Amino acid sequence: MRLLLPAPGRQEALPASARTDVHPAPPHHGPHPDPAHLDPAHLDPGAWQASLPVLLAIAICAAVYLVAARRAATGPRGWSRLRSASWLTGCTVLAVAVSPLPHALAPAGATAHMVQHLLLSMFAPLALVMAAPVTLLLRTAPAPRRRRVARLLCSPVLHAAGHPAGAAVLNTGGTLLVMLTPLYAATLTSPLLHHAVHLHYLAAGYLFAWAVAGPDPAPRRPGTAVRVTALILASAVHAWLAKHLYAHAPALPPGAADAADVRQAAQVMYYGGDIAEFLLATALFAARYRRR
């Protein structure tokens, strides 16, 4: 992974077809890495061993959910298999994100980091949220634990962070902070900070997906108009950042990601973000249609 901070004094204009004042066109397609040529350095046992604790934790979360879902399925209201499938899908996407696979398929540092960013902050959280884990917990947990969960849902901190506006600020603000400051460079030398950034991606992405379209209970959740507005604004910031990275390909030290790599990462961010945001909007309007 490499820092995506634009070099001071070095700016490169967007292609003519990609410039506009209001809604710029998507960046032109650049060179794409060939998935058939894997980086063997990220497929050896040592690379997998480093991610084994996190992969094991994900497997445990998947197993605990399935046990609870089986218990809920025997109750009077049952439990949807689609919810369970969504949870397993989210866990699988999360496992891929933290494994060496992104770096093996895209050895260039900036592109691999962007793939991880999208999987951790957009695709995995959406699948996990649609599995309604809080609802499952409220159905299967003992009464004292259910009361604690209810108090947490009604807490002022969670109300602020789980509001669509607050969740959008945490989600997009964290991404801007990592991409446009020296914070990302610091993660290259600090494993603890590296994992903390990934945890932020996942937590902020989960909060945003829950606030916009989550089926789990959320006291004082605003109406559809507020949630749609938050989604549109977050999408705009995401698209702007992708355009910014594409237009201002930074000058990096020898051995770091070059301009082509940064542009490739920006394209992954732009188009991959569009797909994730479309899925989130679909989930929002599908839930509204079911309620009506």
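Within any chain, residue numbers begin from 1 and follow the written order of that chain's sequence. Side-chain atom pairs in this predicted model are given and counted only at pLDDT of 80 or more, local residue features only at pLDDT of at least 70, and totals for whole chains, interfaces and linings cover all residues. Only hydrogens and water are removed before side-chain values are computed, so all heavy atoms of the structure are retained for them.

## Some thoughts on the overall build of the protein
- Strands here are runs of E lasting at least two residues and helices are runs of H or I lasting at least four, both read from the DSSP assignment and numbered beginning at the N terminus. The helix and strand inventory of the protein stands at twelve helices and zero strands.
- Mapped from its N terminus to its C terminus, the protein presents α and β elements in the order α-α-α-α-α-α-α-α-α-α-α-α.
- Think of it in three bands: residues with accessible area under 20% of the maximum for their type are buried, residues over 50% are exposed, and the middle band is partly exposed, with areas taken using a 1.4 Å probe on protein chains only. Burial analysis of the protein (292 residues in total) assigns 46% to the buried set.
- Taking contacts inside the protein between residues at least 6 apart in sequence as the whole, the part at least 24 apart equals 79%.
- Of the roughly 15,000 Å² of accessible surface on the protein, a fraction of 69% belongs to carbon and sulfur atoms. Here, two residues are considered to be in contact whenever any of their heavy atoms come within 4.5 Å of each other. All accessible-area figures derive from a Shrake-Rupley calculation using a 1.4 Å probe, and residue coverage is judged against the displayed protein chains alone.

## Overview of a positive patch on the surface
- Together, Arg71, Arg145, Arg146, Arg147, Arg148 and Arg151 make up a region of like positive charge exposed at the surface.
- It is helix 6 (residues 143-153) that contributes the most residues to the positive patch, five residues altogether.
- Along the chain, the position of Arg151 falls in helix 6.
- On the basis of relative accessible area, Arg151 is assigned to the exposed category, the value being 54%. Residues enter patches when they are more than 30% accessible in relative terms and free of salt bridges; like-charged ones are connected within 9 Å and nonpolar ones (Val, Leu, Ile, Met, Phe, Trp, Tyr) within 5 Å. We define a salt bridge as a side-chain nitrogen of Lys or Arg found within 4 Å of a carboxyl oxygen belonging to Asp or Glu. The sign given to each residue is positive for Lys and Arg and negative for Asp and Glu; His and the chain ends receive no count. Where a charge lies is defined by one atom per residue type: Lys uses NZ, Arg uses CZ, Asp uses CG and Glu uses CD.

## Details of the packing of aromatic side chains
- Only Phe, Tyr and Trp rings take part, Trp by its six-membered ring, and two of them pair if their centres are within 6.5 Å. Stacked means planes under 30 degrees apart, edge-to-face means over 60, and tilted covers everything else. For the structure shown, the criterion picks out two aromatic pairs.
- Between Tyr270 and Tyr271, the aromatic rings sit 5.2 Å apart at their centres with planes inclined by 70°, giving edge-to-face as the arrangement.
- You can call Tyr270 buried: its relative accessible area is 11%.
- The positively charged end of Arg263 is found above the aromatic ring belonging to Tyr246, 5.7 Å away from the centroid. Here, a charge over a ring means that NZ of Lys or CZ of Arg falls within 6 Å of the ring centre while also lying within 35 degrees of the ring normal.

## A few points about the nonpolar core
- We call a set of buried residues a nonpolar core when its members are Ala, Val, Leu, Ile, Met, Phe, Trp, Tyr or Cys and they connect through side-chain atoms within 4.5 Å of each other. Within the largest apolar cluster, 40 residues are counted, with the highest numbers of intra-cluster contacts made by Tyr65, Trp79, Trp87, Met114 and Leu136.
- Contributing elements (two or more residues each) for this core: helix 1 (45-73), helix 2 (81-98), helix 4 (109-130), helix 8 (164-180), helix 10 (191-213), helix 11 (224-247) and helix 12 (259-291).
- A per-element tally of this core places helix 4 first, with eight residues.
- Once residues lying within four places of it in the same chain are set aside, the contact partners of Trp87 are Cys61, Ala62, Tyr65, Ala127, Leu128, Ala131 and Pro133.
- With 22 residues, the next largest nonpolar core counts Leu126, Leu158, Ala211 and Ala234 among its residues.

## Section: unusual backbone geometry
- The backbone of Ala132 shows a phi angle near 55°, a positive value even though the residue is not glycine.
- Here Ala132 is to be found in the loop between helix 4 and helix 5 (133-140).

## Some thoughts on the side chain of Thr224
- Relative to the helices and strands, Thr224 is located in helix 11.
- According to the relative accessible area criterion, Thr224 is buried, its value standing at 17%.
- Not counting chain neighbours up to four residues away, the residues in contact with Thr224 comprise Phe285, Arg288 and Arg291.

## Details of the packing of helix 8 against helix 10
- Working convention: axes come from line fits to C-alpha atoms, limited for helices to the stretch in contact. Angles between N-to-C directions cover 0 to 180 degrees. Running from N to C, helix 8 and helix 10 cross one another at 150°; their axes reach a closest spacing of 8 Å. Overall, the two elements helix 8 and helix 10 adopt an arrangement that is roughly antiparallel. Like other packed secondary-structure pairs, helix 8 and helix 10 cross with a definite hand, here left-handed. Here helix 8 contributes Pro164, Ala167, Ala168, Leu170, Asn171, Gly174, Thr175, Val178 and Met179 to the contact with helix 10, which in turn contributes Val197, His200, Tyr201, Ala204, Gly205, Leu207, Phe208 and Ala211.
- Each residue is assigned to one class: nonpolar for Ala, Val, Leu, Ile, Met, Phe, Trp, Tyr, Cys and Pro, charged for Asp, Glu, Lys and Arg, and polar for all the others, Gly among them. Here the contact of helix 8 with helix 10 is built from residues that sort into twelve nonpolar, five polar and no charged. Each angle receives one of four descriptions, namely roughly parallel if under 35 degrees, roughly antiparallel if over 145, roughly perpendicular if within 65 to 115, and oblique otherwise. Helix crossings get a hand from a simple test, with the near helix turned counterclockwise from the far one by less than a right angle marking a left-handed crossing and a clockwise turn marking a right-handed one.

## Details of helix 2
- Given a helix with a known number of residues, its expected span is that number minus one, times 1.5 Å. Taking 1.5 Å per residue, 18 residues should reach 26 Å; helix 2 reaches 26 Å between its end C-alpha atoms and fits that length.
- Every buried residue of helix 2 is accounted for by Ser84, Ser86, Trp87, Gly90, Cys91, Val93, Leu94 and Ala97.
- Two N or O atoms form a polar contact when they lie within 3.5 Å of each other; inside protein one atom must be a possible hydrogen donor and the other a possible acceptor, and for residues adjacent in sequence the pair counts only when both atoms belong to side chains. Between the side-chain oxygen at the start of helix 2 and the backbone nitrogen of Leu82 there is a gap of 3.1 Å, and the oxygen is on Ser80.

## As for the state of the cysteines
- Here, two cysteine sulfur atoms that lie within 2.5 Å of each other are counted as a disulfide. Summed over all chains, the structure comprises zero disulfides.
- Looking at Cys61, it has no disulfide partner, and the nearest cysteine sulfur is the one in Cys91, 6.4 Å off.
- The exposure class of Cys91 is buried, given its relative accessible area of 7%.

## Comments concerning the confidence of the model for the protein
- Along the chain, pLDDT gives the predictor's confidence residue by residue, from 0 to 100. Per-residue confidence for the protein averages 81 on the pLDDT scale, and 79% of its residues sit at or above 70.
- The spread of mean pLDDT over the elements of the protein runs between helix 3 (residues 101-105), the lowest at 78, and helix 2, the highest at 96.
- Below a pLDDT of 50 lies the segment residues 1-38, which in the model reaches 89 contacts outside its immediate sequence neighbourhood of four places, other chains included.
- Under a pLDDT of 50 for its full length, residues 251-256 has, in the predicted model, seven contacts with residues more than four places off or in other chains.

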